Amino acid sequence: MQAVLIGVCCVCISILGCAHDNLKPAEHAGTESYRLEAGDLDRLKQLAQSGNPDAAERVAGYYIFYKGDSRGGLKWLELGAKNGSQHARTTARKIRQALKEAN
């Protein structure tokens, strides 16, 4: 299970953290770079729910890397995919597959 989650994290690192507009890009130096203040998390969630795929990917990164919650991150990746992000779609598919193999 741990090896699968490490593999999922490696895939996500290559995709998540890229942000556009006024969103701050996450650096890949460690999990602390994915931390979000409560106000920032709320703002990004609102943006994601309003159709911003970059915000959805940033929230996904917070859940996957900072909180260690792949399933929670998957929810936001699926929203990013719905909002038009091919990166989110690809990453969500890989995480679903990794979670399926872990069970």
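From a predicted model like this one, the values you see are computed outputs, not experimental measurements. (Residues numbered from 1 in each chain as written. Predicted model: local features only at pLDDT ≥ 70, side-chain atom pairs only at ≥ 80, totals over all residues. Heavy atoms only, no water.)

Draft legend 1. Representation of the overall build of the protein in the model. Looking only at helices and strands, one finds five helices and zero strands in the protein. Looking at the protein residue by residue over its 103 residues, the buried ones come to 42%. Pairs at least 24 apart in sequence give 54% of the contacts found in the protein among residues at least 6 apart. (Helix = DSSP H or I, 4+ residues; strand = E, 2+ residues; numbered from the N terminus. Buried < 20%, exposed > 50% of the residue type's maximum accessible area, 1.4 Å probe, protein only. Contact = heavy atoms within 4.5 Å.)

Draft legend 2. Main features of the nonpolar core. Formed by 22 residues in total, the largest nonpolar core has its most connected members in Trp 76 and Leu 77. It is helix α3 (residues 53–66) that provides the largest number of residues to this core, a total of eight residues. (Core = buried A, V, L, I, M, F, W, Y, C linked by side-chain atoms within 4.5 Å.)

Draft legend 3. Spatial organisation of α3. If you check α3, its first and last C-alpha atoms are 19 Å apart, about what 14 residues at 1.5 Å a residue would give, namely 20 Å. Here α3 lies mainly inside the structure; twelve of its 14 residues are buried. Regarding α3, the residues found buried are Asp 54, Ala 55, Ala 56, Glu 57, Arg 58, Val 59, Ala 60, Gly 61, Tyr 62, Tyr 63, Ile 64 and Phe 65. With a side-chain oxygen lying 2.9 Å from the backbone nitrogen of Asp 54, the N-terminal cap of α3 falls on Asn 52. Two residues or fewer after α3 comes Gly 68, characterised by a positive phi angle close to 70°. (Expected span 1.5 Å × (residues − 1). Polar contact = N/O pair within 3.5 Å; in protein donor to acceptor, adjacent residues only side chain to side chain.)

Draft legend 4. Geometry of the pattern of salt bridges. Within this structure, the stated rule accounts for three salt bridges. For the salt bridge of Arg 35 with Glu 37, the shortest nitrogen-to-oxygen distance reads 2.3 Å. Taking relative accessible area as the criterion, Arg 35 reaches 35% and is therefore assigned partly exposed. Take Glu 37: its relative accessible area is 43%, and that puts it in the partly exposed class. Residues Arg 96 and Glu 78 are paired through a salt bridge, measuring 3.0 Å at the closest nitrogen-oxygen approach. Placement of Arg 96 in helix α5 (residues 86–102) and of Glu 78 in helix α4 (residues 70–82) is noted, with a sequence separation of 18 residues between them. (Salt bridge = Lys/Arg side-chain N within 4 Å of Asp/Glu carboxyl O.)

Draft legend 5. Highlighting the environment of Leu 79. Looking at where Leu 79 falls in the secondary structure, it is placed in helix α4. With relative accessibility at 19%, the residue Leu 79 sits in the buried group. With 31 residues separating them along the chain, Leu 79 and Ala 48 place their C-alpha atoms 7.3 Å apart.

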